[in-house]
Structure formats: structure tokens, C-alpha cells
Amino acid sequence: MTMTIKIMHWLCRLILAGVFLYSGYVKAQETLQFAVAISGYKMVPESLIYPMAKYLPWVEIFLGLAILIGWKIRYFSAAAAALLIFFIAVLAITISRGIEANCGCFNLDEKISPLTILRDSLFLIPAVYLVFEPQLTRRWRKPSPSV
Amino acid sequence: MVRNSGWMITLFALSLAWPASVHPADVSSGQVLGGSAKSPIQIEVYSDFQCSACREFYLGTIRQILQEYSSKDKVRIIYHEYPLMQIHKYSRDAARYSEAAARLGVKQQLAVMDALYMDQAIWSQDGKIEASISKALSLTDFQKLKKIMQDSSIDLAIEREIDLGNKSQIKSTPTIFIRYPGKQQKVEGIVTYIVLKQFIDAIIK
């Protein structure tokens, strides 16, 4: 059981860290293309678009690194989950408004669709697992009562 | 923890060293609308006169950048013709007028570009581009322009621009290449004036 828990822990950590590091890296390299993607959502005031495009990728990179090295992993996994929930909400609102925006997620010219929401929702699984890992593993480790 | 940090740093260093997938365009062609080779920032635009996003980008962003930054030699702006003839019937004709106007001078070229974009909705319907151009230029310049239009090198120049666009992997218009010390970014779509201004200010501060 301990080995399974270890594998689960590392799998979740690597997936979540990889997602945030890659996503942050792509956006940090192409700030202006990311700014164009943000403006496509028609949600952010124009004066805040560029600062958001400039700093959000570094927030993602920071979260990815923190999760990768395991520093305050529960807190930063919770922050990653909160960010993913924010992205999912923004995608859902934009789709419901009938706006055809570019996702600005990984590939900066990818259009938003229910599939992008599904993908972001799947990334929530490792984040939620890492937040609730102590409670979950305690339950798994607990020996079943002998009759 | 220490072991983890080691490969984390390696990964991060590798990621920073990973080159961005931007394909540089040839600076020797295109029409220089403002700024000079000494400008710290260079903006190259691949544009189509019949595309509405190109209109919005030119009138809403480029005109202001020319006024605010190119006049102070902070930003060099180069325009490339990239008519999307499959979807825009008159875009190549419009590009021919612009290319010919560039041979008269920057002032005339800007006047022609302004007219083409401002009257886009009109000439896009019937293809009567000349009516818009004649209002934008003096009679002498208009006569000169008509003469230049007969030169076959105009079509060759447009072909060269299209080839260059294809080499630069242009998929849509406007596509913008922004070069600044040590870096280059490729942007597809409309960058608003406020966003571009904040970006430029951060570089030249």
C-alpha cells in the first residue's frame, strides 16, 4: 500500500507541476500573444490585460516549481486548484456568452470549447488529491478491523 | 529536498534556454512607415487591406504608435502585403495601390493606406478602389501613382511579399513580428494600442 501511495503522490506532483511549468513557460515566452488571448475573453479591463499577461505566467511557473520541489505542497496545490477553478469558470462563462476566444492555455492559438473545460477539470484531480492526501492515505493505511 | 532542487534547477535552466518558435522575416523588404534602423523596437506587420481585423489594428493601434513612438524614433514599423486572395476578392488590387504609393513616398503611402482602410466597407463591395485613392492624393500624385501601377515590378514586389509571408509561416492576418534587443515575438491577431503601449514602455523605459 505504501508503494502505491508513493507512486500516486509522485504521479500527481509531476503531472500538476508539469502542467503549470509548461503552461507558464509558453505564456512567458509569448506575452503579447497571451495578451491577445486575454483580450479575446472580453472580461479584463484593457489597462490590466498586459500586466496580467506579463505576471500570470510567472505565478504558474512559481506554483509548478513549488509543487515539484514539494515546498508547502498542500498550500500550493490548493492554490493551483483555485487557479484551475478560476480558469474553468472563465472558460464556461465565455462559452456561455457565445464568444469565440483563443484559450491561451498551452497552445496559444487553440480555440476554447467544452473540451478545454474538460481538460482543465481533469487537471484538478491531481491538485485535489495532493490537498487531501493526508486524509485519504490515513484512511487507506488504516488496517481493517479483525473480526 | 536538495536532490529535488538540483533537477528542478536543471529543468528550469533548460526551459529558459529553449528557443521560442518564431520565424524571423526578411527585414530587407516591406514598406517602412516610420522609425529607422536605429529604433530599439521593430514591428513588422503582415496585412491584408480587405481584412477587418487588419483595419482595426492599423487604424486603432498602428496610427497611434506611428504618432507616439515612430516620430521619436523609438519604434520602426514595416508593413508587408499579404493579400488573402482566396477569401478577399479585391485585396490584391488594394495591395497594388499601396505598393505603388510606397514608391511615391511615406506621406503618400500613409494617405493611401488610410483611405484603403477607412473606405474598406465601400470598395470591398464593388472593387472600385480608385475612387477612394483619388480622394486621398493630390492630382499630380494620383497621376504619378497610375503610371507606377502599370509597372510590372509592382506585381513582382507583391509576389515577393507573399513568398516572404509564406516563409514566415503566416496563417492569418494581421500577423505581427516584434523585435527588440535580444528577442522576438510573433503575434497573431489584434494587439490593442494600450497593450502595445504598455509593452513598448516596459522595453524602452
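The sections below set out a description of the structure shown in this document. (Residues numbered from 1 in each chain as written. Chains lettered and ligands numbered in written order. Predicted model: local features only at pLDDT ≥ 70, side-chain atom pairs only at ≥ 80, totals over all residues. Heavy atoms only, no water.)

1. Re the overall build of chain B
Working step 1: If you tally the helices and strands in chain B, you get 9 helices and 5 strands.
Working step 2: Counting from the amino terminus, helix and strand elements in chain B follow one another as α-β-β-α-β-α-α-α-α-α-α-β-β-α.
Working step 3: In chain B, which comprises 205 residues, the proportion classed as buried is 50%.
Working step 4: Here the contacts in chain B between residues at least 6 apart in sequence split such that 76% fall between residues at least 24 apart. (Helix = DSSP H or I, 4+ residues; strand = E, 2+ residues; numbered from the N terminus. Buried < 20%, exposed > 50% of the residue type's maximum accessible area, 1.4 Å probe, protein only. Contact = heavy atoms within 4.5 Å.)

2. Describing the sheet that holds strand E1 (residues 31-34) of chain B
Residue and element names in this part refer to chain B.
Working step 1: If you walk across this open sheet you meet the 5 strands as E1-E3-E2-E4-E5, and the pairing is mixed. At either margin of the open sheet sits one strand with a lone partner, and together these are E1 and strand E5 (183-188). Strand-to-strand, the axes of this sheet are offset by a mean angle of 20°, without reference to chain direction.
Working step 2: Both strand E2 (residues 41-47) and strand E4 (residues 175-180) contribute to a ladder of 5 bridges, which runs antiparallel. Considered in E4, the bridge of Gln42 is made with Arg179.
Working step 3: Along the sheet, helix H4 (residues 106-118) makes contact with E1, E2 and strand E3 (75-81), crossing E1 at roughly 90°. (Pairing = 2+ DSSP bridges. Axes fitted to C-alpha atoms, helices over the stretch in contact; angles between N-to-C directions.)

3. A closer look at the state of the cysteines
Working step 1: Taken as a whole and judged by the stated rule, the model has 2 disulfides over all chains.
Working step 2: Here Cys103 of chain A pairs with Cys105 of chain A through a disulfide, and the sulfurs are 1.5 Å apart. When sorted by exposure, Cys103 of chain A lands in the same class as Cys105 of chain A, which is buried.
Working step 3: Each sulfur of the disulfide joining Cys51 of chain B and Cys54 of chain B lies 2.5 Å from the other. Taking the sign of the S-S torsion, 90° for the link of Cys51 of chain B and Cys54 of chain B, the bridge is right-handed.
Working step 4: Under the relative-accessibility criterion, Cys54 of chain B is labelled buried at 1%. (Disulfide = S-S within 2.5 Å.)

4. Quick word on the packing of aromatic side chains
Working step 1: The tally for this structure, following the rule as stated, stands at 13 aromatic pairs over all chains.
Working step 2: Ring centres 5.9 Å apart and planes at 85° place the aromatic pair Tyr50 of chain A and Phe199 of chain B in the edge-to-face group. A residue pair is termed interchain when its members come from two chains, as with Tyr50 of chain A in helix H3 (residues 46-69) and Phe199 of chain B in helix H9 (residues 193-204).
Working step 3: According to the relative accessible area criterion, Phe199 of chain B is buried, its value standing at 3%.
Working step 4: Ring geometry for Tyr58 of chain B and Tyr79 of chain B: centres 5.9 Å apart, planes at 85°, overall edge-to-face. With Tyr58 of chain B in helix H2 (residues 52-68) and Tyr79 of chain B in strand E3, this residue pair connects regions lying 21 residues apart in the sequence.
Working step 5: On the basis of relative accessible area, Tyr79 of chain B is assigned to the buried category, the value being 2%.
Working step 6: An aromatic cluster is defined as three or more aromatic residues linked by ring pairs; in this entry it consists of Phe49, Tyr58, Tyr79 and Tyr117 of chain B.
Working step 7: Over the ring of Trp10 of chain A we find Arg13 of chain A; its NZ or CZ atom is 4.0 Å from the centre of that ring. (Phe/Tyr/Trp six-rings, centres within 6.5 Å; stacked < 30°, edge-to-face > 60°. Lys NZ or Arg CZ within 6 Å of the ring centre and 35° of its normal.)

5. Examining unusual backbone geometry
Working step 1: Residue Thr173 of chain B is joined to Pro174 of chain B through a cis peptide bond whose omega torsion reads -5°.
Working step 2: Here Pro174 of chain B lies in the loop between helix H8 (153-167) and E4.
Working step 3: Of note in the backbone geometry, Lys72 of chain A takes a positive phi value of approximately 45° without being a glycine.
Working step 4: If you trace the backbone, Lys72 of chain A turns up in the loop between H3 and helix H4 (73-96).
Working step 5: Taking relative accessible area as the criterion, Lys72 of chain A reaches 48% and is therefore assigned partly exposed.
Working step 6: Backbone geometry at Gln169 of chain B places phi at a positive 55°, although glycine is not the residue there.
Working step 7: With respect to the element layout, Gln169 of chain B can be found in the loop between H8 and E4.
Working step 8: Overall, the relative accessible area of 41% leaves Gln169 of chain B in the partly exposed class.

All we've got here are geometric facts, nothing functional implied.
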